[in-house]
Amino acid sequence: AGTLDEFKDLVTASPGSMPIPQPLPNSQTPAGESFPTNASGANSGAIPGWSSNRVLVAEINKNHQFTVAFFICFIAALITTGFLAFIAADTGGWEGAALVGFIGGAITLTFVVLYLVCFCKFHYRCWAVANARTGSTEVTPGQAVGLLFIPLFNIYWYFRSYGLLSQLLAKAIQPLDYDPTYRPNTGTAQAMCVLKVISIIPYLGTLAALVNIILWFIVIGENRKAATHLLRDLGA
């Protein structure tokens, strides 16, 4: 390579003289969000290369796994508590059922809190990656997470927090789409949001909520895959 003019400069250049990659066009770090810098201390872009992003990738994967695990534990604890309370009421009276309900409720509530903490951290990071790669400032990661907890308003905000995130991640991946499986299915996210609206309808809402849970698992799984793919890309 040193004998070819096209590569001579790269081969003979000392490490200190190599240029520092500049940020991608139209990319910016969301307010309040920081990303690791490269070895020289300079930020190599809105999101640094894979060697600097291993911690972020591991964090997103970990929070996704814990979100799924704690949510399943929450559902299992809720069903188990109801079942044991029914048996206790049938065999030992309402006092036994109340005790079972209190203990089971405390365990269920613990899993709910753990699930929400892990989900919020996961969802925030996915939004931070999407915004940094697309340059979008329409919704901040903090807004995307926080407004989901406002009653009634969160029904509308589902379309922003989940639907828009899916669109931004798909848009960010499109230019470097080596494998289409990394691109989120925006239709699945929209369907989940629509079912969220239907779930408030009596009777029909129960079925919609059950289907919505399945779609939710799919959507956050696709978001995890897309966000970590963007972080691994050396051009990010």
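For clarity, every value in this text was computed on a predicted model and none was experimentally measured. (Residues numbered from 1 in each chain as written. Predicted model: local features only at pLDDT ≥ 70, side-chain atom pairs only at ≥ 80, totals over all residues. Heavy atoms only, no water.)

Draft legend 1. How the structure looks around the pattern of salt bridges. Under the counting rule described, the total for this entry stands at 2 salt bridges. In this structure, arginine 125 engages glutamate 59 in a salt bridge whose closest nitrogen and oxygen atoms are separated by 3.4 Å. Of this pair, arginine 125 sits in helix α3 (residues 94–134) while glutamate 59 sits in helix α2 (residues 50–92), and the two are 66 residues apart along the sequence. By relative accessible area, arginine 125 is classed as buried at 18%. Its salt-bridge partner being arginine 160, residue glutamate 138 comes within 2.4 Å of it at the nearest N-O pair. Taken together, the residues span a long stretch of sequence, with glutamate 138 in the loop between α3 and α4 (141–146) and arginine 160 in helix α5 (residues 153–173) at a distance of 22 residues. (Salt bridge = Lys/Arg side-chain N within 4 Å of Asp/Glu carboxyl O. Helix = DSSP H or I, 4+ residues; strand = E, 2+ residues; numbered from the N terminus. Buried < 20%, exposed > 50% of the residue type's maximum accessible area, 1.4 Å probe, protein only.)

Draft legend 2. Up close: the layout of surface pockets. Approximately 550 Å³ is the volume attributed to the largest pocket. Every residue lining the largest pocket is counted, 18 residues in all, and those nearest its centre are Phe71, Tyr115, Tyr158, Lys196 and Trp216. Breaking the lining of the largest pocket down by element, the ones donating at least two residues are α2, α3, α5 and α7 (204–232). (1 Å grid on protein atoms, 1.4 Å probe; cavity = no way out; pocket = protein on both sides within 12 Å on 5 of 7 lines; lining within 4 Å. Points joined across faces, edges and corners; volume = space filled by probe spheres on them.)

Draft legend 3. Broad picture of the nonpolar core. With 41 residues, the main nonpolar core has Phe119, Trp127, Tyr162, Met192 and Trp216 as its most contacted residues. Counting only elements with at least two residues in this core, the list comes to α2, α3, α4, α5, α6 (186–198) and α7. With sequence-adjacent residues up to four places away left out, tyrosine 162 is seen in contact with Phe119, His123, Leu148, Trp157, Ala189, Met192, Cys193, Trp216, Val219 and Ile220. (Core = buried A, V, L, I, M, F, W, Y, C linked by side-chain atoms within 4.5 Å. Contact = heavy atoms within 4.5 Å.)

Draft legend 4. Spatial organisation of unusual backbone geometry. Even without a glycine there, the phi angle at leucine 152 is positive, about 70°. Within the secondary structure, leucine 152 is located in the loop between α4 and α5.

Draft legend 5. Quick peek at the packing of α3 against α5. Axis separation between α3 and α5 bottoms out at 9 Å; the angle between their running directions is 45°. Taken together, α3 and α5 sit at an angle that is classed as oblique. As α3 runs across α5, the sense of the crossing is left-handed. Contacts from Phe119, His123, Cys126, Trp127, Ala130, Asn131, Arg133 and Thr134 of α3 reach α5 at Arg160, Ser161, Tyr162, Leu164, Leu165, Leu168, Leu169, Lys171 and Ala172. Of the residues that constitute the contact of α3 with α5, the class distribution is 10 nonpolar, 4 polar and 3 charged. (Axes fitted to C-alpha atoms, helices over the stretch in contact; angles between N-to-C directions. Parallel < 35°, antiparallel > 145°, perpendicular 65-115°, else oblique. Left-handed = near helix turned anticlockwise from the far one by under 90°. Nonpolar A, V, L, I, M, F, W, Y, C, P; charged D, E, K, R; others polar.)

Draft legend 6. The environment of glycine 96, seen in detail. Mapped onto the elements, glycine 96 comes out in helix α3. Judged by relative accessible area, glycine 96 falls into the partly exposed class, the value being 26%. Counting along the chain gives 12 residues from glycine 96 to leucine 84, while the straight-line C-alpha distance between them is 9.7 Å.

Draft legend 7. Region of interest: the environment of proline 184. You can see proline 184 is positioned in the loop between α5 and α6. Relative accessible area serves as the criterion here: at 5%, proline 184 is assigned to the buried category. Sequence-wise, proline 184 and serine 166 are 18 residues apart; in three dimensions their C-alpha atoms are separated by 6.0 Å. Other than its neighbours up to four places away in sequence, proline 184 contacts Ser166, Leu169, Ala170, Ile173, Glu222, Asn223 and Ala226.

Draft legend 8. Structural detail: the state of the cysteines. Counting across every chain of the model gives 0 disulfides. Among the cysteines around cysteine 118, which has no disulfide bond, cysteine 120 carries the closest sulfur, lying 9.4 Å off. (Disulfide = S-S within 2.5 Å.)

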